[in-house]
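Now for the letters of each chain:
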Amino acid sequence: MGIQPCTAARYGAAALLAALLLSGCSTTAPPAPQHPTTPAVSPSSPAQICTSLVSYWAKETLKGSTWSGLDWEQKGLSNAQYAIHEDAVAAGRAEERTAGRDKALELIDRFVAQRCAEQNGATWSSENWRPPSPGA
């Protein structure tokens, strides 16, 4: 007794067709997801890159973070950027003693932005490295 092979194949095909129909298959494409349009990001200027990089490392040094002890090359700084870094850290430490850490971190951002803008990113040569000044 049982189902004959030809009939079993028909039942299988019918079951597959029913499963596809019930699973929501349709001939129309789903609507495209609506994504808000984002403005194109403009390339950063050398001064903006300098400000971001040097300010980050100067603040990390002031806070004494684990990675603040990396050398200038490991931080990706040029000699000129390293000089800005050292001056910013010194200014930040002085500000921290008188006005607290939050004000010192704000000062570092302003100080570095000004110096990086004045030196157009301070990206020139990284040759002839000099050691940090004592007390920095």
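Heads up: the structure comes first, above all this text.
Calculation notes
Residues numbered from 1 in each chain as written. Predicted model: local features only at pLDDT ≥ 70, side-chain atom pairs only at ≥ 80, totals over all residues. Heavy atoms only, no water. Disulfide = S-S within 2.5 Å. Helix = DSSP H or I, 4+ residues; strand = E, 2+ residues; numbered from the N terminus. Core = buried A, V, L, I, M, F, W, Y, C linked by side-chain atoms within 4.5 Å. Buried < 20%, exposed > 50% of the residue type's maximum accessible area, 1.4 Å probe, protein only. Contact = heavy atoms within 4.5 Å. Phe/Tyr/Trp six-rings, centres within 6.5 Å; stacked < 30°, edge-to-face > 60°.

J.: Outline the state of the cysteines, listing residues and values.
T.: Enumeration according to the criterion identifies one disulfide in this entry. Here cysteine 50 connects covalently by a disulfide to cysteine 116, the sulfurs 2.0 Å from one another. Taking the torsion about the S-S bond as the criterion, the cysteine 50 to cysteine 116 disulfide, at about -60°, is left-handed. In this pair, cysteine 50 is assigned in helix α2 (residues 46-63) and cysteine 116 in helix α4 (residues 101-118), connecting sequence segments 66 residues apart.

J.: Would you mind going over the nonpolar core in detail, with residue names and values included?
T.: The nonpolar side chains of soluble globular proteins are, as a tendency, buried together. Formed by 18 residues in total, the largest nonpolar core has its most connected members in Cys50, Val54, Leu77, Ile84, Ile108 and Val112. Of all the elements in the fold, those that place two or more residues in this core are α2, α3 (79-99) and α4. Each residue touching isoleucine 108, except ones within four places of it in the same chain, is listed here: Ser55, Ala58, Lys59, Leu62, Ala88 and Gly92.

J.: Hey, could you go over the packing of aromatic side chains for me, with residue numbers and the actual values?
T.: The tally for this structure, following the rule as stated, stands at one aromatic pair. Centre to centre, the rings of tyrosine 56 and tryptophan 57 are 5.0 Å apart; their planes meet at 80°, and the pair counts as edge-to-face. For tyrosine 56, a relative accessible area of 44% puts it in the partly exposed group.

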